[in-house]
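Each chain, letter by letter, is given below.
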Amino acid sequence: MDLKHFRILIIIVLSGFVHQVFADTEADRRWRRISFPIFAKHCTSCHNAADKKGGIDLDLYYYVPSVISRGEMFQHLVELVKDNEMPPPPKPPMSKAEKDSLIDLINGILEDALSAPDPGPSVVRRLSNREYTFTIKDLLGIDFNAMEFFPKDGSGGEGFDNQSGSLFMTPLIIERYYMAADSIVRVVQNDEARWENLVPRSYSPGLIRRFTNWVKGTVFNRPIKWSKPTDLAKEIILPFATKTYRRFLSQEEQTDLIQFFDTIYFNGLWNKQNGFNEALTTSFKRILVSPTFLYKVEVNAPIHKPYPISNQELASRLSYLLWSSMPDDTLLRAAYYEDLHDDAVLNREAQRMMQSPKFERFSQSFAPQWLGVEETLLNPVADEKLFPEFTDALRRSMLDEVIDYFHYIFTERGNLLELLDSDYSLLNESLAGYYGVPGVQGSEFRPVQVADYGRGGILGMGAVLTATSLPNRTSPVLRGQWVLDQVLGTPAPPPPPDIPQLEEAKDGAHDELDVRRVLEKHRESPLCRVS
Amino acid sequence: MTKSISRRNLLRGLGASIALPFMESLVPKQLLANTPTRLGSKRPQRFAAVYMPNGVHPDRWTPTQFGSNFELSPLLQPLKHVKDKLLVVGGLVNKNSVRTVEGHFTKTANILTSMPVARTVDSNVDSGGISVDQLMANHIGKTSLFPSLQYGLDRMSSGVCKSTGITRLYGSAISWQSGTKPCSREIDPRMAFDRMFRSYVPGKIQPAADPYRQSVLDVVKNDVQRLNKQMGIEDKNKMGEYLDAVRSIEKRLDNLDSLKDFEAQITPDMRDELKCMDIRIDEWAEYAEGVDVTEKARLMIDIMVLAFWSDASRVATFMLGNSASNRNFSFLDGVHDTHHAVSHHKSDPRLMEQYARIGFWHMEQYAYFLERLNAIKEGDQTLLDNSMILFCSGLRDGMRHSPYDLPILIGGSGGGRIKTGQNIRMEDKTPLANLHHTMLTAMDIEVNGFGDSNGYFSELLV
C-alpha cells in the first residue's frame, strides 16, 4: 500500500460506512443477461470452479458489486479480450458484437463504480492473535500471549495480519480459544484483587435457604430455583458481557446468558462451597469463547446502497484500528451519549486515543507490516559470514527505528511527507554506532540529526535496505520494485510467463561480474528488456 | 522411563544418533511386540505426507537402475533398512506449479492439491482445491479421534511477498480443507502430544475436569444462530467455519463412547511408550538449544507414529521446513550455510556438497519415520505395511525452481495395495496428480480424477 492508498484507507475505515448486498437489482440482472451467455460460450470451459485456469472462476460473479470488488481483474479481462488474447487460439474468437457488448458492459460498471465510491461489504472477521492479546489485556489486565499460544495468523491482501480472508477458524484454533479462556478465567479467579473487581459480591445460600431447598428437592422432588443468586449474577455477568462484546446486549442475549448461569448454578452447584463463583467463571468462559467476542461482528442491513454503521460498531473500528483492542469506557460513552458520526466528536476521540500509550500498538503493528520489513528482520536471510555485525540486537534496533520513527511522525510531527524524507531519524546507541552517527548513548531511541550520514526517511533505514536486499548483496531490482510498489503505488507487472528463471539461464559468468554489469547484461537480452 | 534406555543415554543419544542409522535400542522392547487391538485382523490404512523445502541435489537423488533390482542413490542411503518397502517415482511434474510468478510458495501450497494457486490480491487465499490428504481424511478419518493431523517445525511466515503478490501463508500450508481454507499446524511437540495423549499418560497429573464444556459449546452454537440472522452470505460462511470447528471438538471430546473406545484400545505397551514420550518431550524442552532441530523433528514423527498406532488418527502431514526455509544447518558436519542459500548453488561444488548433506538429513528423518512404523507389528504385518508415507518437495533442484521430475517417494504399501521395492520412472511430464489419484484408488476412494490428473498408475497397484 502506498501513501495515497494509505490516506484512502484511513478515510474508509473511519467514514463508518459499509455496503452489504442482498437484493438482486436490475443492474445485476442485466450483467448476467449479457455477460453470462458470452462467458458460457467462450470462457467458462477453462475459467470454472473446477479448472480455475489462471486462478479465475468466472462463474463466481453473480452480482455487479462482486464485479466491482475484482475491478482490477475485470479491467485486465477487458484488455485481453480487446487484444484477442482471450479466448486464446485455437479456441474460436469472440464475434465483434460479443466483444463490444462485453467490453461496454464491464467498462460501464467500472466507470459507474468510480463515480460513486462503494465502501464494499463489511465481512465479519476473527480477532487477530495480536488483537486477542491486547483485548484480554484491556479487558482483564492480564498478559496473555496469544501470538505464542495460538497457531500463527497468515497475511492476506496487502500483507496485513488482520485481513478477514486469512483469519481462518479451524478445530485446532477453537480448541486453543477454549483452553485460553479457561486459563485466563483461572488467573482472574486466583487473583483476589482482580476477582473482587469483577465480582464485588459473592453469594452463598444461608441455612434456611438450604433447608427449604432440601425440602423442595428431596421431599417434593421439585426443581430448585430462587431469585437472589440470579439477580446478583445478572449484575456481574451482563456488564462483563457488554464490555467483552463491545456493544449493548439484545434482550435475547441477556436472557440467554442468565439462563446459562441458572442452568449451571441450580443443577448441582448451589449447594457446593464456592458454587456461585464456579457458575460465574463458567459464564465468563462461555462469553470468552462466544463468536460475539471472538469475531468483530457488524449488523448488515439488507439494503443495496451505502449506509452508516452503528455508533458502537464505529467505536470498535476506531479502537481496533488505533489500539488493536476494544474500546475503552470513554469511547463507549461517547458512542452512546454523543454521535461518533459527528466529525467533531470523531476527531476529538481519535485525537484522545492517539495521545494514549496504547496508540504505540498501532505503530508496532502497522509500520513494519506496511513496509514489509518484519519478516526479513525476524527471520533474516542475510549471510552471517559476510555480515557478522548483523546481530539480533542490531536487527531489533532496526525494527524499532521503523516503529519509533513512524510513531514520532504520527504523534509529534504530523507530517506524513517526513516518512519519505527528513533530516532526522530515531536512533539508539547501537544503531547510531552502526550508521556511524556519533554522540548517541544508551538504548533509548531519540530523534537524532542524520542528514550528513545519508539517513533520514524510510529509504535510509537499515530495515528497509535489508528487506530489499539479497542475503549477500544489495539488489537494485528488489529495491526499485519496492519503491514502485510501496512508495509510488505503481507496482511493476509480474514478469511475462515465458521468461526463464534467472538461475535457469545457467550463466556461470554471473558470479564474476559485479551487480551493475549483471543488470546491464540482462537489459541487453530482448526477453528481459521490458519497456 | 522404560528400561531400554536411561535419561542420560538418551541425551547423549541425541547428538550421536543424528548421523547413525536408526538404533533399535532406542525403541522400547514392547514397541516391537505384537499388540492386539480392538480392530481385529483388518487393519486400517494410514497416510502421511512428509514435505521438504528447497528441492534436492539433482544428481544424487534418482537411482541409476530401474525396476525392483536397483541400488539406492547416495541421497536415498538412509532408507536402506526399508528399501523393499520403498517406491521411488521419477518423472512427475506438478503442472500447476510451472511458470508461476514465484519460485517457492506457489509450488508448495498446491503440492497436495495439484491445482493453480491464486495470487493474493485482496482476500483471496486460494490453493485451488482440497488437498489429497484431506480428501482421504474425509473418507477414512471419520472413525478415528482426529480426522487428520498437520505438523510442522516452524511458525508460519508473515506478510505477502511484495515482488510477486503471494502470501507467505502459501509456503506453510500443504493441507487444505478446501482451496480457501488451510488447516492449522501444530509446531510444538508438547502441545501436539498433550492434545492427543495427555489424558492417557500413566501417572500424569491431569488438568481439573471441565464438566461444563458441553454446555458452553452448546450455547455458543446458539450465539451463531442469533448472529446469522443479521448477516450477509460471506459472514455466514465465516460463522460456518466457527460452527464446524466447534462441532469437531464436540464430536471428539464430548463423545464419551468414542473416547471409551479409544481408551480401551490403548494397550499397556502404548501407555509405556506414551510415558516415555512424555519424558522425552520434557527433556527436549529442557535441553534443546541452538539450531539443531533433529530431536524436535523426531518427536513430531514419533507423535505421528503413536497416533497411527493407537488409531488416534489415520492421516497426517508434516512439513520439515516452510517453503524456501533458510534454516541454519551448521549443526551438520561440513555445512556452514543456510538451506535456501545453498539451494541456489549455481553448480558450485562446495555449495552442492552442503546441499546434498542437508538433503541427506531430510532423508534420515523420513527414514526414521518409516523405520519406527516398521518396528510396530500389526498382525503378521507392520504398521508401515498398512501405511502410505509420501515424501515430496515442490522443486527438483532449488537452483532451477523447476517442478519437473520432482523428488517423490512412497514408503509402505497401504495394506499391500501398492507395489513397493522398485524405482520407476514415469513418462516425462506425467502429472503428480496421477500419483495422488493412484493413492486414492489404493484406498478404495473413488474419484473421477484429482487435481489436474489425467489418469492413474494401475501398474503400481496390486
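Residues numbered from 1 in each chain as written. Chains lettered and ligands numbered in written order. Predicted model: local features only at pLDDT ≥ 70, side-chain atom pairs only at ≥ 80, totals over all residues.

Draft legend 1. Local environment of the overall build of chain B. Each helix and strand in chain B was counted, giving 12 helices and 13 strands. Counting every position in chain B, which comprises 462 residues, the buried fraction comes to 56%. (Helix = DSSP H or I, 4+ residues; strand = E, 2+ residues; numbered from the N terminus. Buried ≥ 20, exposed ≤ 12 C-beta atoms within 10 Å, placed from the backbone.)

Draft legend 2. Expanded view of the overall build of chain A. When helices and strands are counted, chain A shows 25 helices and 6 strands. Looking at chain A residue by residue over its 531 residues, the buried ones come to 35%. Long-range pairs, those at least 24 residues apart, make up 64% of the contacts in chain A between residues at least 6 apart in sequence. (Contact = placed C-beta atoms within 7 Å.)

Draft legend 3. Layout of the nonpolar core. Val50(B), Tyr51(B), Met304(B) and Phe318(B) are the most contacted members of the largest nonpolar core, which totals 116 residues. If you tally residues by element for this core, the top one is helix H11 (residues 349-374) of chain B, at 13 residues. Setting aside anything within four residues of it in sequence, one finds Val50(B) in contact with Phe318(B), Leu320(B), Tyr366(B), Phe369(B), Ile389(B), Leu390(B) and Phe391(B). One finds Tyr178(A), Ala233(A), Phe260(A) and Met239(B) within the second-largest nonpolar core, a separate group that totals 52 residues. (Core = buried A, V, L, I, M, F, W, Y, C linked by C-beta atoms within 7 Å.)

Draft legend 4. Structural view of the confidence of the model for chain A. This prediction gives chain A a mean pLDDT of 85; 89% of its residues lie at or above 70. The model gives residues 501-510 of chain A a pLDDT under 50, and that stretch makes 10 contacts with residues more than four places away or in other chains. (pLDDT = per-residue confidence, 0-100.)

Draft legend 5. Summary view of the sheet that holds strand E11 (residues 387-392) of chain B. Residues and elements named next belong to chain B. Ordered by their spatial adjacency, 7 strands build an open sheet running E3-E8-E1-E11-E12-E2-E13, and the pairing between neighbours is mixed. Each end of this open sheet is capped by a strand with a single partner; those strands are strand E3 (149-152) and strand E13 (422-431). When strand polarity is set aside, the average angle formed by the axes of neighbouring strands in this sheet is 15°. Sheet topology places E3 next to strand E8 (residues 315-319); 4 bridges connect them, and they run parallel. The residue bridging tyrosine 151 from the neighbouring strand is phenylalanine 318, located in E8. (Pairing = 2+ DSSP bridges. Axes fitted to C-alpha atoms, helices over the stretch in contact; angles between N-to-C directions.)

Draft legend 6. Expanded view of the interface of chain B and chain A. Taken together, the contact pairs 65 residues of chain B with 67 residues of chain A. Every element with two or more residues in the side of chain B that touches chain A is listed here: strand E7 (181-182), helix H5 (213-228), helix H6 (233-253) and helix H10 (339-343) of chain B. For the side of chain B that touches chain A, the element with the highest residue contribution is H6(B), accounting for 10 residues. Classifying every residue of the side of chain B that touches chain A gives 26 nonpolar, 21 polar and 18 charged. (Nonpolar A, V, L, I, M, F, W, Y, C, P; charged D, E, K, R; others polar.)

Draft legend 7. Expanded view of the pairing of strand E1 (residues 46-51) of chain B. All names here are of chain B. Across the 6 residues that make up E1, a large majority, 6, are buried. Where burial is concerned, the two faces of E1 agree: the one with Arg46, Ala48 and Val50 and the one with Phe47, Ala49 and Tyr51 are both buried. The pairing of E1 with E11 spans 6 bridges and is classified as parallel. Note on E11: the bridge partner recorded for tyrosine 51 is cysteine 392. Pairing of E1 with E8 involves 5 bridges; the strand directions are parallel. Paired with alanine 48 across the strands is alanine 316, a residue of E8.

Draft legend 8. The arrangement of the environment of His437(B) in detail. With respect to the helices and strands, the residue His437(B) is situated in helix H12 (residues 432-442). Once you skip the residues sitting within four places of it in the chain, His437(B) turns out to touch Val447(B), Gly449(B), Phe450(B), Ser453(B) and Tyr456(B).

Draft legend 9. Molecular detail of the confidence of the model for chain B. Residues and elements named next belong to chain B. For chain B, mean pLDDT is 87; residues scoring 70 or higher make up 89% of the total. Predicted confidence is poor over residues 1-41, with pLDDT under 50, and the contacts of this stretch with residues over four places away or in other chains come to 51 contacts. Taken together, the chains of this predicted complex give a pTM of 0.83 and an interface ipTM of 0.85.

Draft legend 10. Region of interest: the packing of helix H4 (residues 71-82) of chain A against helix H5 (residues 96-115) of chain A. Residue and element names in this part refer to chain A. Orientation of H4 relative to H5, taken along the N-to-C sense of each, is 150°, at an axis distance of 10 Å. In this view, H4 runs roughly antiparallel relative to H5, as classed from their interaxial angle. Here H4 and H5 pass one another in a crossing that is left-handed. In this structure, H4 uses Gly71, Phe74, Gln75, Leu77, Val78, Val81 and Lys82 to contact H5, whose residues at the interface are Lys99, Leu102, Ile103, Ile106, Asn107, Leu110 and Ala113. The residue inventory of the contact of H4 with H5, partitioned by class, reads 9 nonpolar, 3 polar and 2 charged. (Parallel < 35°, antiparallel > 145°, perpendicular 65-115°, else oblique. Left-handed = near helix turned anticlockwise from the far one by under 90°.)

Draft legend 11. How the structure looks around the domain arrangement of chain A. Taken domain by domain, chain A comprises domain 1 (20-115), domain 2 (371-492) and domain 3 (493-531). For domain 1 of chain A and domain 2 of chain A, the distance between their C-alpha centroids amounts to 43 Å. (Domains from an automatic or database assignment.)

Draft legend 12. Inspection of unusual backbone geometry at higher detail. Going from Met86(A) to Pro87(A), the amide bond is cis rather than trans, its omega being -10°. Here Pro89(A) and Pro90(A) are connected by a cis peptide whose omega angle stands at 10°. Looking at the element boundaries, Pro90(A) is found in the loop between H4 and H5. One non-glycine residue, Ala324(B), adopts positive backbone phi at about 60°. With respect to the helices and strands, the residue Ala324(B) is situated in the loop between E8 and H10.

Draft legend 13. Representation of the environment of His362(B) in the model. Residues and elements named next belong to chain B. Tracing the backbone shows histidine 362 in helix H11. Residue histidine 362 is classed as buried on the basis of its 24 C-beta neighbours within 10 Å. Measuring from C-alpha to C-alpha, the distance between histidine 362 and serine 97 comes to 22 Å, with 265 residues separating the pair along the chain. In contact with histidine 362, not counting residues within four places along its chain, are Met52 and Leu320.

Draft legend 14. Summary view of the packing of helix H4 (residues 189-197) of chain B against helix H8 (residues 268-287) of chain B. All names here are of chain B. Where H4 meets H8, the closest approach of the two axes is 10 Å, and the angle between their N-to-C directions is 155°. When the axes of H4 and H8 are compared, the pair comes out roughly antiparallel. For the element pair H4 and H8, the recorded crossing hand is left-handed. Contact with H4, carried on its side by Pro189, Arg190, Phe193 and Phe197, involves Leu274, Met277, Asp278, Ile281, Trp284 and Ala285 of H8 and no other residues of that element. Taken together, the residues of the contact of H4 with H8 break down into 8 nonpolar, no polar and 2 charged.

Draft legend 15. Layout of the environment of Met326(A). Residue position: Met326(A) is located in the loop between helix H15 (311-323) and helix H16 (329-337). Met326(A) gets classed as buried once you count the C-beta atoms within 10 Å, which come to 25.

Draft legend 16. Examining H4(B) more closely. Residue and element names in this part refer to chain B. Buried within H4 we find Pro189, Ala192, Phe193, Met196 and Phe197. Projected down its long axis, H4 shows its buried positions confined to an angular sector of 95°, all on one face. Residues of H4 that are buried sit in contact with E3, H8 and helix H9 (294-310). (Arc of directions from axis to C-beta.)

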